[in-house]
Amino acid sequence: MSRALASAGIALIYQDPDLAIVYTENLPPHFSLQSDGGSDADLFGTAHGQRLEQIKRLVLESGTSTTTEADIAIEGEMRTYEIKIERANVGNQAGILSIVTEITEARHREKVLKSLLRELSHRSKNLLAIIQGIATQTARNTISLDGFLVKFRGRLQSLSNSQDLITDSSWRGAFLFELAQKQFAPYWPEAVRQIPVSGLNVHLTPNAAVHVGLALHELIVNSATSGAIANGSTSVTIDCRETTIGDRKAILMSWIEMLPHETATHDLSENTFGRTVLERVVPSSVNGRAGLRLTPTRIEYDLLIPDAEFEILRRAQPASIR
């Protein structure tokens, strides 16, 4: 029996009607009794001992079993024990049998799971708010259902692409180069392998990854609709470098698109949702700054992102994505 209890990590404590400890089996080393007839206070400490005594007296009176837990600091580490308490008859005497099991790891896993679920709920609500905003603003800036569906689906796919990277990283975020590759993939000419991203491959926070992904999507779709990509040109570059915002470290992500011929107007010329995303929504969401400059032959977009929204992981970084 002793081996079975040790294998299962279970300890037994039997107490007489006065709750003096008569017998123990497989107690952990840190639960040592100085003499026979010890009490719960000797094993679990004064506070837990008094509480357990009250519970056990009720069990003696009612005969109804119960279960409680005790958190005990042992060698600087908090450990949790589950204590199942039931009335047990030995001969003509009714005593108390306590079955003690350490559940520290199980409780730790529960806490981690609850924390993850709270985080998931928080992020889901944020994502739903973003989707609601996209739907509302897209509807305001389109005049037909077909037009709305095309733009809305594209923006949802952009969110989905960014979210895939964030989820794959266990919610830590996404690298800029991978994010750009995901956003470019549906629109970049198949014959051109190189994705035009250079500079620092920074690791963006989940918040920054979602919003930078939206900004890239609007720029890429505009290019694929009426800009360089639409006209068969790949004269688009994205560069990321270190800079500052005031006294804080930051990065500057720059989009430069050379138009193959003079274009008097394009999608970003008007007060569209795409332009709102680039100039207001994205910089506000990352606590940064943005600038959009349009000419008949050139589109430039700069996004300043403060250090709270990214990490520069010092490792070998490619000059560009191929």
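First, a word on what this report is: a plain description of the structure on this page.

Rules behind the numbers
- Residues numbered from 1 in each chain as written.
- Predicted model: local features only at pLDDT ≥ 70, side-chain atom pairs only at ≥ 80, totals over all residues.
- Heavy atoms only, no water.
- Helix = DSSP H or I, 4+ residues; strand = E, 2+ residues; numbered from the N terminus.
- Polar contact = N/O pair within 3.5 Å; in protein donor to acceptor, adjacent residues only side chain to side chain.
- Contact = heavy atoms within 4.5 Å.
- Patch = residues over 30% accessible without salt bridge, like charges linked within 9 Å, V, L, I, M, F, W, Y side chains within 5 Å.
- Areas by Shrake-Rupley, 256 points an atom, 1.4 Å probe, with all protein chains shown as cover.
- Salt bridge = Lys/Arg side-chain N within 4 Å of Asp/Glu carboxyl O.
- Buried < 20%, exposed > 50% of the residue type's maximum accessible area, 1.4 Å probe, protein only.
- Lys, Arg positive; Asp, Glu negative; His and termini not counted.
- Charge placed at Lys NZ, Arg CZ, Asp CG, Glu CD.
- Pairing = 2+ DSSP bridges.
- Axes fitted to C-alpha atoms, helices over the stretch in contact; angles between N-to-C directions.
- Left-handed = near helix turned anticlockwise from the far one by under 90°.
- Expected span 1.5 Å × (residues − 1).

## Topic: the side chain of Q15
Okay, step 1: Within the fold, Q15 resides in strand β1 (residues 10-15).
Okay, step 2: In terms of polar contacts, Q15 uses its side chain to reach the side chain of D40, at 3.1 Å.
Okay, step 3: The contact partners of Q15, leaving out residues within four places of it in the chain, are A20, I21, V22, D40, K56, G95, I96 and S98.

## Things to note about a nonpolar patch on the surface
Okay, step 1: Residues L113, L117 and L120 make up a contiguous nonpolar surface patch of about 270 Å² in total accessible area.
Okay, step 2: Within the secondary structure layout, L120 lies in helix α4 (residues 104-140).
Okay, step 3: Among the residues examined, L120 registers a relative accessible area of 38% and is labelled partly exposed.

## Some remarks on the side chain of E25
Okay, step 1: Take E25: it is sitting in strand β2 (residues 21-25).
Okay, step 2: For E25, the side chain forms a polar contact with the side chain of Y23, separated by 2.5 Å.

## What about a negative patch on the surface?
Okay, step 1: On the surface, a cluster of negative charge is contributed by E75, E77, E102 and E105.
Okay, step 2: Tracing the backbone shows E102 in strand β5 (residues 93-102).
Okay, step 3: Of the residues examined, E102 reaches a relative accessible area of 37% and is grouped as partly exposed.

## Brief notes about the sheet that holds strand β8 (residues 203-204)
Okay, step 1: An order of β6-β8-β13 is seen for the three strands of this open sheet, with the pairing classed as antiparallel. The open sheet has two free edges, formed respectively by β6 (174-175) and β13 (310-311), since each of these has just one partner strand.
Okay, step 2: Sheet analysis places β6 next to β8, joined by two bridges and oriented antiparallel. What sits directly across from F175, in β8, is H203.

## A closer look at the packing of helix α5 (residues 145-168) against helix α6 (residues 176-184)
Okay, step 1: Where α5 contacts α6, the two axes come as close as 9 Å, and the packing angle between them is 145°. As α5 runs across α6, the sense of the crossing is right-handed. Together, S158, N161, S162, D164 and L165 of α5 and E178, L179, K182 and Q183 of α6 make up the contact between the two elements.

## Here we look at α5
Okay, step 1: Helix length check: α5, at 24 residues, gives a terminal C-alpha distance of 34 Å against a target of 34 Å (1.5 Å per residue), a fit within 8%.
Okay, step 2: Listed as buried for α5 are F148, F152, G154, R155, S158, L159, N161, S162, Q163, L165 and I166.
Okay, step 3: Among the structural elements, α4, β6, α6, α7 (206-226) and α8 (273-285) are those in contact with the buried residues of α5.
Okay, step 4: Looking one or two residues beyond α5, the residue adopting positive phi is S170, at roughly 60°.

So yeah, pure geometry; function would need other evidence.
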